[in-house]
Amino acid sequence: MDRPLGITVSRHIMDLQRMHPEATGDLSGLLSELIVAAKTISAEVNMAGLADVLGMSGKTNIQGEEVQKLDEFANNTIKRRMARCGYICVMTSEEEEGIIPVTDGYEGKYTLAFDPLDGSSNIDVNVNIGTIFSIHRRKSDHGKPPMGRRSTDVAEGWEPAQGKPGSEEDLLQAGRDQVAAGYIIYGSSTMLVFTTGEGVYGFTLDPSVGEFFLSHPEIKIPERSKYFSVNEGNYCYWDENMRRYIDHLKQNDKESGRPYSSRYIGSLVADFHRNLITGGIFLYPKDNKSPDKPTGKLRLLYEAAPLAFIVEQAGGRAITGDGREIMDIEPDQLHQRVPLIIGSRYDLDEAEAFLACRK
Ligand code: AHG
Ligand code: MN
Ligand code: MN
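None of these values were measured; they are calculated from a predicted model.

Caption draft 1: Representation of unusual backbone geometry in the model. Cis rather than trans, the peptide bond between Arg258 and Pro259 has omega equal to 5°. Relative to the helices and strands, Pro259 is located in the loop between α5 (240-249) and β12 (261-262). Phi is positive for Asn126, which is not a glycine, with a value near 60°. Secondary-structure assignment places Asn126 in the loop between β5 (110-118) and β6 (129-137).

Caption draft 2: Structural detail: the site of ligand 1. If you check the shell around ligand 1, you find 18 residues, and the closest are Asp118, Gly119, Ser120, Tyr264 and Tyr284. Between Lys297 and ligand 1, the recorded distance is 2.9 Å, taken from a side-chain N or O atom to an oxygen atom. Computed on the free molecule, ligand 1 has an accessible area of 470 Å², of which 87% lies beneath the protein chains in the complex. Of the residues forming the shell around ligand 1, the biggest block, three residues, is contributed by β5. Here the shell around ligand 1 is composed, by residue class, of six nonpolar, five polar and seven charged. The residue makeup of the shell around ligand 1 includes at least three contributed by each of domain 1 (9-216) and domain 2 (227-356).

Caption draft 3: Quick peek at the nonpolar core. In terms of nonpolar packing, the biggest core is built from 43 residues, with Met82, Met91, Leu112, Phe133, Ile135, Leu192 and Phe194 touching the most fellow members. Setting aside anything within four residues of it in sequence, one finds Met82 in contact with Leu30, Glu33, Leu34, Ile88, Met91 and Leu112.

Caption draft 4: Region of the structure containing the domain arrangement of the chain. Considered domain by domain, the chain is made up of domain 1 (9-216) and domain 2 (227-356). Contacts between the two partners involve 50 residues from domain 1, matched on the other side by 33 residues from domain 2. Interface of domain 1 and domain 2: buried area, both sides summed, is about 3100 Å²; carbon and sulfur atoms make up 60% of it. Counting the surface domain 1 buries against domain 2, the share from its top three residues, Leu172, Arg176 and Tyr183, is 20%. The interface formed by domain 1 and domain 2 includes three salt bridges. Salt-bridge contacts for Asp328 lead to Arg176; the nearest nitrogen and oxygen are separated by 2.9 Å. Per element, the largest residue contribution to the side of domain 1 that touches domain 2 is six residues, and it comes from strand β7 (residues 180-186). Partitioning the side of domain 1 that touches domain 2 into residue classes produces 20 nonpolar, 19 polar and 11 charged.

Caption draft 5: Local environment of the coordination of the manganese ion (ligand 2). Coordination of the manganese ion (ligand 2) by the protein involves Asp115 (OD), Asp118 (OD) and Glu303 (OE), with metal-donor separations of 1.9 to 2.1 Å. Of note, the donors binding the manganese ion (ligand 2) are all from one chain and are spaced D-x2-D-x184-E. In this structure, the manganese ion (ligand 2) lies 3.7 Å away from the manganese ion (ligand 3), the two metals sharing Asp115 as a donor. Within this pair, whereas Asp118 is found in strand β5, its partner Glu303 is found in helix α7 (residues 300-313), the two being separated by 185 residues in sequence. Given the relative accessible area of 1%, Glu303 is considered buried.

Caption draft 6: Main features of the sheet that holds strand β10 (residues 211-216). Here we have eight strands laid out as an open sheet, ordered β4-β3-β5-β6-β7-β8-β9-β10, and mixed in their pairing. Edge positions in the sheet fall to β4 (100-101) and β10, since each has one partner strand and no second. The sheet contact formed by β5 and β6 spans seven bridges and is antiparallel. By the bridge assignment for β6, Tyr110 is matched with Arg137. Packing of helix α2 (residues 26-46) onto the sheet brings it into contact with β3 (88-93), β5, β6, β7, β8 (190-195), β9 (200-206) and β10, and relative to β6 it is tilted by some 165°.

Caption draft 7: Looking closely at the side chain of Asn241. Looking at the secondary structure, you find Asn241 in helix α5. Here the side chain of Asn241 touches Leu355 through a polar contact of 3.4 Å, landing on its backbone oxygen. Excluding residues within four positions of it along the chain, Asn241 makes contact with Phe354, Leu355 and Cys357.

Caption draft 8: A look at the pattern of salt bridges. Under the counting rule described, the total for this entry stands at 20 salt bridges. For Arg324, the salt bridge goes to Asp322, with nearest N and O atoms at 3.0 Å. Note on Arg324: relative accessible area 35%, which makes it partly exposed. According to the relative accessible area criterion, Asp322 is partly exposed, its value standing at 44%. In the salt-bridge network here, residues are joined through shared partners; they are Arg3, Arg11, Asp15 and Arg18.

Caption draft 9: A look at helix α6 (residues 268-278). Counting buried positions along α6 gives nine out of 11 residues, so the element sits mostly inside the fold. Within the sequence span of α6, burial applies to Leu268, Val269, Ala270, Asp271, Phe272, His273, Arg274, Asn275 and Leu276. One or two steps after α6, the chain reaches Gly279, where phi turns positive at roughly 90°.

Cut-offs and rules
- Residues numbered from 1 in each chain as written.
- Chains lettered and ligands numbered in written order.
- Predicted model: local features only at pLDDT ≥ 70, side-chain atom pairs only at ≥ 80, totals over all residues.
- Heavy atoms only, no water.
- Helix = DSSP H or I, 4+ residues; strand = E, 2+ residues; numbered from the N terminus.
- Near = heavy atom within 4 Å.
- Polar contact = N/O pair within 3.5 Å; in protein donor to acceptor, adjacent residues only side chain to side chain.
- Areas by Shrake-Rupley, 256 points an atom, 1.4 Å probe, with all protein chains shown as cover.
- Nonpolar A, V, L, I, M, F, W, Y, C, P; charged D, E, K, R; others polar.
- Domains from an automatic or database assignment.
- Core = buried A, V, L, I, M, F, W, Y, C linked by side-chain atoms within 4.5 Å.
- Buried < 20%, exposed > 50% of the residue type's maximum accessible area, 1.4 Å probe, protein only.
- Contact = heavy atoms within 4.5 Å.
- Buried area = accessible area lost by both parts, 1.4 Å probe.
- Salt bridge = Lys/Arg side-chain N within 4 Å of Asp/Glu carboxyl O.
- Donors = N, O, S within 2.8 Å, 3.2 Å for Na, K, Ca; no water.
- Pairing = 2+ DSSP bridges.
- Axes fitted to C-alpha atoms, helices over the stretch in contact; angles between N-to-C directions.

This is the structure we're talking about:
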């Protein structure tokens, strides 16, 4: 969709809605509420050094990780706003063990999975952090809409169970069925990048007017690049094929553009965003470092799947490395972890060949 630079995200969302005459406006409303939460978090992040939100909250979350004060602030900001927006029937957050129910007549037809603050270990050292979100239509009581129906239209014979609380089952849906996904990155500027299945668009916040303006229309990830992002501190824990692939990227072979440059910040959103713009491959493979995380560290519902939706819409790919596309995985638990290899298509295909021992 041809978009003039500088339009507001609100105008973009309304234009997307106009492309679907049967749209009810609920998805537009949901995104608009999420954007208000993002602006609130952005203001707090930018004041982090001053507003006593640095450091630990003294609590531990479901992941067994110490909760930073800003994690808690971001989680509460999104949870409170979205529970009363009227477009969501149930939510899940990285910071909460169980589902976050929506009640009191606010139950809507969508679900929301979110990582309120990704890259928390970087908060106190002023490195880019972010928020990641994933939106599905609820499926309870009325079956799932036919595959591939991502617009806001309601598929024949599928009526949302409006007004009824959602369930965990509503949240456990494959990435392929996402209606929208995106992230906000709090860095040198605050950017919102999202897709509703019709391309990827990036908006930059002008804090002086409190508005997101289109700065990156129709983002496409370069087919190939010379950057790889991985925590090589885990090298000794990887399987043989993963080590062979990373060794391959580091060999001196000018003809094939190697060695690649290594870029790794330790904030998934920041590492992913850089690769989305410049091209590259990000890997958080499974490793035998932590027996409690045999399938990798990153979570499917609110980290891997939303970024997989974005990267596929931008022409890239996202796989697990053991033969599965991230978008096809049917989740069976809220905080399920998956290996994540994501980025430029050429590099993904090459990595897959190494990991399948075809190279
Ligand atoms: P979160 O802060 O939401 O828990 O996510 C942290 C994740 C992700 O942002 C990043 O890619 C990864 O942890 C870094 O892990 P390592 O420090 O093990 O490399
Ligand atoms: Mn995270
Ligand atoms: Mn997080």
